[in-house]
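A closer look at the structure
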Amino acid sequence: MTDLALALDPVSLSADLCLANGDLVLDDGLASLALMSLLTDARAQPRDVEAGETDLRGWWGDALSTSPLGGRLWTLARAKATEENRRRAADFAAEALAWMTRDGIATAIDVTATRSDGDGSGATLHLEIVIHRPGGTVEHLAYDLLWQAMGSAAGGTA
């Protein structure tokens, strides 16, 4: 499977197409699919947003699908860098990637979220993702998201 390669901008929590020598770069793994799944805004559940918040977002294409796309990491945009929110980030990432096992692209997906404190730049949320593929191959992905950036990132989808 070949897709256009995406690169993460951890400050804006967005992705952009990769270019090399004026040409689009291709991704023959699952990195771009995973990034798109993590950064596309899934519709929030009412408990995910602050009281009185009415914008639950979500991707418009989900109206045409029985299997929603995206993740709820965006709901942590204003959340404090707490242990509970670190666990929620891991759960939201696993939920965003679960379609890969349902569609047979992966046999299992492991997600680990850790927090580290930066030098004056705020905490970093580190997502470590291991995708076990049919046939026994394993793909390792890692994303560092500035927790401070999560608090100031503009809404939207990748």
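A quick note: this is a predicted structure, and the numbers were derived from the prediction, not measured. (Residues numbered from 1 in each chain as written. Predicted model: local features only at pLDDT ≥ 70, side-chain atom pairs only at ≥ 80, totals over all residues. Heavy atoms only, no water.)

This part takes up the environment of alanine 96. Position of alanine 96 among the secondary structure elements: in helix 2 (residues 83–97). Separated by 25 residues in the primary sequence, alanine 96 and glycine 71 place their C-alpha atoms 4.4 Å from one another. Excluding residues within four positions of it along the chain, alanine 96 makes contact with Ser37, Leu38, Gly70 and Gly71. (Helix = DSSP H or I, 4+ residues; strand = E, 2+ residues; numbered from the N terminus. Contact = heavy atoms within 4.5 Å.)

Most of helix 1 (residues 31–39) sits out of view: seven of its nine residues are buried. Among the residues of helix 1, those classed as buried are Ser32, Leu33, Ala34, Leu35, Ser37, Leu38 and Leu39. (Buried < 20%, exposed > 50% of the residue type's maximum accessible area, 1.4 Å probe, protein only.)

One finds Met100 and Ile129 to be the most contacted residues of the largest nonpolar core, which totals 29 residues. Those elements that place two or more of their residues in this core are helix 1, helix 2, helix 3 (99–102), strand 7 (108–117), strand 8 (123–132) and strand 9 (138–146). Looking at which element gives the most residues to this core, the answer is helix 2, with six residues. Those residues in contact with isoleucine 129, other than ones at most four positions away along the chain, are Leu38, Leu97, Ile109, Asp110, Val111, Glu139, His140, Leu141 and Tyr143. (Core = buried A, V, L, I, M, F, W, Y, C linked by side-chain atoms within 4.5 Å.)

Attention shifts here to the side chain of threonine 40. For threonine 40, the position within the fold is in the loop between helix 1 and helix 2. A relative accessible area of 3% means that threonine 40 is categorised as buried. Among the polar contacts made by the side chain of threonine 40, one reaches the main-chain carbonyl oxygen of methionine 36 at a distance of 2.7 Å. (Polar contact = N/O pair within 3.5 Å; in protein donor to acceptor, adjacent residues only side chain to side chain.)

Glancing now at unusual backbone geometry. The phi dihedral of asparagine 21 falls on the positive side, at around 55°, and the residue is not glycine. Positionally, asparagine 21 belongs in the loop between strand 4 (19–20) and strand 5 (23–24).

So, about the side chain of serine 32. When you line up the elements, serine 32 lands in helix 1. At a separation of 2.8 Å, a polar atom in the side chain of serine 32 contacts the main-chain amide nitrogen of leucine 6.

Mean pLDDT over the chain stands at 82; residues scoring 70 or higher make up 86%. No element of the chain has a lower mean pLDDT than helix 4 (residues 147–152), at 51, and none a higher one than helix 3, at 94. Long-range and interchain partners of residues 151–158, a stretch whose pLDDT sits below 50, account for 14 contacts in this model, where long-range means more than four residues apart. (pLDDT = per-residue confidence, 0-100.)

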